[in-house]
Each structure stands twice: as C-alpha cells, then as structure tokens.
Amino acid sequence: MDTTPQNSNTATHARTEAVAGALSGRKVLIIVENLPVPFDRRVWQEARALRAAGAEVAVICPTGKGYTARYEHLDGIHIYRHPLPLDAGGALGYLLEYGAALTWETLLAWKILFRHGFDTLHGCNPPDLIFLVAWQFKLIGKRFIFDHHDINPELYEAKFNKRGFFWRLMCLFEWLTFRTADTVISTNESYKKIAMERGGKQPKGIFVVRSGPDLSRVKAVAPNPSLKNGREFLVGYVGVMGDQEGIDLLLEAARHIVYDLGRKDIQFALVGGGPSLVALQATSEKMGLADYVTFTGRAPDQTLFEVLSTSDVCVNPDRVNPMNDKSTMNKILEYMAVGKPIVQFDVTEGRFSAQEASLYAKANDPVDFAEKITDLLADPDRRTRIGAFGRNRVETQMAWTYEVPKLIAAYRNARP
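Residues numbered from 1 in each chain as written. Predicted model: local features only at pLDDT ≥ 70, side-chain atom pairs only at ≥ 80, totals over all residues. Heavy atoms only, no water.

1. With respect to the environment of serine 327
Take serine 327: it is sitting in the loop between helix H11 (322-326) and helix H12 (330-337). For serine 327, a relative accessible area of 5% puts it in the buried group. Separated by 18 residues in sequence, serine 327 and phenylalanine 345 place their C-alpha atoms 13 Å apart. Setting aside residues no more than four positions away along its own chain, serine 327 makes contact with Ile151, Asn188, Tyr191 and Glu349. At 2.7 Å, the side chain of serine 327 forms a polar contact with the side chain of tyrosine 191. At a separation of 2.7 Å, a polar atom in the side chain of serine 327 contacts the main-chain carbonyl oxygen of methionine 323. (Helix = DSSP H or I, 4+ residues; strand = E, 2+ residues; numbered from the N terminus. Buried < 20%, exposed > 50% of the residue type's maximum accessible area, 1.4 Å probe, protein only. Contact = heavy atoms within 4.5 Å. Polar contact = N/O pair within 3.5 Å; in protein donor to acceptor, adjacent residues only side chain to side chain.)

Shown next, in the form of structure tokens:
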C-alpha cells in the first residue's frame, strides 16, 4: 500500500517543475567503481535527476550480478560497464582492482568524450583515485565534481583496526581528490566539515546532497507472513554483509533474545549480499540461530520491500566508530520511508537522520541492543507512533526530491 499523501505528491511535482531544463545543454560523465548502475541507488538517482534537468548523461561503472551488459541505454542514460577482479583482499588484491578500474575508466572516458562528449566529470568514491582520471580531462578544460560517498581513512581504520602507512596513503589520496575537485558534493554535514578541514575546500564550493529515498520506489507493500517462519514477530535488516557492518553484534543480540531471554517468538530476516555473507551464515549456525535467522543474500526489490513491510522492528547494528559516526546509512532512511521503528547504536548521523524514529542502544552493546528490540516489540502503540514520525520526516524533509535542487546547484557552481 502506498501511504504517500496527496500534498506530498503536489510538492514533489512542484520541485520537479522547478529544475526541469535547468541543465539543458550540459553533458555529464559519472564514474563510480564501487557498484554497478542502476544497482547503486544514489548514483542512479543522481543520473536520472541530471537527465530530467536536461543534461545528457553517461555513466562508467563495473559489471556485477544481474548487470553484465557492457553497454546499456536505460532511461535515456548511457551506461558503460567494465569487468573488475572480484573481492579484492590485501595490498596486491587492491592494487589489481584499482589498477584495472583506472585503466578501464580512462579508456571508456576517452571513448565517451569522442562519442557523446562531456563538460563535467562527476567522480564517486570509494576509492579516492578517480582524480587520476579527472586530471587528464581538466587539462582540456573539463570540470570535476567529487561526490564524497565514504570517508576512506576512517573506513580503513574501521576495517583493519590500525593506521600506519596505508592509512596515511588514504589521507593523501583524499586530499588530492579534494584539491582536484572544482566542486564537492557531501552526503551530510559531517562530510562537509571534513571537506573543509582535511580537504581545504571553501564552504561556497561544497554542497550537501543527502541520499534521500525515492518515494516512488521505496514504499510499503503487502506483508508476507511466511517470512516470520511461524513466529509472531519479525526483525528486519537491509544492507551489506561485510566485516564492518556489525552483523556479528546483531547475531549476538539475537542469541541473547532466543537463549538468555527465552524468546522463541521472534524471527530475524537479513537482506543483502557481501564478502562476509558465508562466514556470517556459518556463525549463525554455530550459535544455534539457523532456524531464527534468515539470510536472503542479495535480493530483488520485491523481496526487500516485503521484508521491510512485514517487519515489526528494523535494525542497524553498525558499530560505533569514527567511520559510522560520521556516515549516513541509507538503510535508516529506507526503514523510515516504510514507517518502521528502528533500533541502532547511538551515532551522530544516525541520530540526525532518525531522531525520534529510533531507539538508541549503548555503544556496541549487543545485550542493550537486544533489550531495545524487545522493548519495542512489547509496545505496539509506541512502534506505530515512532514509525509514523519517521515516515513523516522522510515525506516532509528527507526524500530524494528535496535533494535534487541541491544537486542542480552543485552543477551550476561547476559550470564550465
């Protein structure tokens, strides 16, 4: 069921009209290495918004599961995909991945320049290496917009629990990217502060464009009771299955709920793929949770929205660390978009996004996390109230349509 009110649709139409044709005559090349398009929701929303504003748009991205065509023309956007070594690990693995990506990005960028032309190169990290492609085109008068998706020094520290040579290298690459950029797009105020303090950028050249959900896509659907595995409640999670996402803490919380609290009436559904999926499934089995925790792997939108719509509570177990404290997690806003109450650890940007739509557990404490879940499950009125707060916050302040004018402003700032 679509709960978007009529006045929200009217406001959306007005904002769309306001940017229509704003970039007529502009030609844009977007480069993203992390995920294929259109699977990368933020990049695809940006590409479609730029196209709707009148720009001609091309995208370079890697191939991926379900996205293997080397060229595709979708929604008026030219998509050029290239292969990459999979699941890089260690210095040699990352060197191979990044070397291959930069080679393909350079070759395809020149191909696109001669085939379609572009006046602005829009680079999305990670990694902070696309400036090496941008340098070539800045020499011939092209503009470079840096779209700051991840803070890589903090990501490195969170992943490897150390600093050292490679951490300093991450800081250098980040600084060079900022210095190369004519305009910076930050995903939140914390990232804007980093652009100023570490990148030396002036506030007038930084535009905060949040990853708001597209309410034409992210919406409640009919619940699927079979997801509850015969139990009364469902706790849902959507996101990457990686080492730094805190899924191990969620499993600890689930173990506490099932065995320490004796709750046999709660099912957990975890949607998403990633490098740690198989290991997390094995951990779940060793903890005796195989019948209580369902891993769907990477799933189509229908499955994702069924899980969200069926869930009584949605969770974000990202650890409290400098990376997660400063980063906006898209899953939080998607939970809010379907009106679900949330449990997460208390981090700066997570609290800014959710505000009263969430309960906040003690830092990295799976027992307190578990108790926050059971507190919500015991109080249906509270779940309804805070879920409605989250939905209203997205509708009135944080949906993607509110971000499009800011994206257009960034492009006007980077006018050739």
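2. Considerations on the sheet that holds strand E1 (residues 27-32)
One open sheet accounts for eight strands, arranged E3-E4-E2-E1-E5-E6-E7-E8; its pairing is mixed. The sheet is open, and its two borders are formed by strand E3 (71-74) and strand E8 (206-208), each paired with just one other strand. Sheet twist, expressed as the mean angle between neighbouring strand axes with direction ignored, is 20°. Pairing between E1 and strand E2 (residues 56-62): five bridges, direction parallel. What sits directly across from isoleucine 30, in E2, is valine 59. Its contacts with the sheet put helix H7 (residues 189-197) on strand E6 (143-148), strand E7 (183-186) and E8, and the angle it makes with E8 is roughly 170°. (Pairing = 2+ DSSP bridges. Axes fitted to C-alpha atoms, helices over the stretch in contact; angles between N-to-C directions.)

3. Regarding the sheet that holds strand E10 (residues 266-271)
Paired through backbone hydrogen bonds, the strands of a sheet run either parallel or antiparallel to each other. Spatially, six strands are ordered E11-E10-E9-E12-E13-E14 in an open sheet, and the strand pairing comes out parallel. The two strands at the open ends of the sheet, each matched to only one other strand, are strand E11 (293-297) and strand E14 (358-361). In this sheet, adjacent strand axes meet at a mean angle of 25° when their direction is disregarded. Two strands pair when backbone bridges link them, and E10 and E11 are joined in this way by four bridges, in the parallel orientation. Looking at E11, one finds that valine 271 is bridged to glycine 297.

4. A look at unusual backbone geometry
With an omega of 10°, the peptide bond running from valine 37 to proline 38 counts as cis. By the secondary structure assignment, proline 38 is in the loop between E1 and helix H2 (41-52). Residue proline 126 is reached from asparagine 125 by a cis peptide bond, and omega for that bond is 5°. You can see proline 126 is positioned in the loop between strand E5 (120-124) and helix H4 (131-138). At glutamine 355, a position not held by glycine, the phi torsion is positive, near 50°. Mapped onto the elements, glutamine 355 comes out in the loop between helix H13 (348-354) and E14.

5. Some points on the packing of aromatic side chains
The full count for this structure, using the stated rule, is ten aromatic pairs. Summarising the aromatic geometry, the rings of tyrosine 156 and phenylalanine 160 are spaced 4.8 Å apart at their centres and angled 45° between planes, so their arrangement reads as tilted. Linking tyrosine 156 with phenylalanine 160, this pair stays in helix H5 (residues 152-160), spanning four residues, or about one helical turn. On the basis of relative accessible area, phenylalanine 160 is assigned to the partly exposed category, the value being 37%. Pairing phenylalanine 165 with phenylalanine 166 gives two aromatic rings, centres 5.2 Å apart and planes at 75°, and the pair type is edge-to-face. The structure contains a cluster of three or more aromatic residues connected by ring pairs, namely Trp110, Phe114, Phe118 and Phe137. The ring of phenylalanine 39 has arginine 298 lying over it, and the distance from NZ or CZ to the ring centre is 4.2 Å. (Phe/Tyr/Trp six-rings, centres within 6.5 Å; stacked < 30°, edge-to-face > 60°. Lys NZ or Arg CZ within 6 Å of the ring centre and 35° of its normal.)

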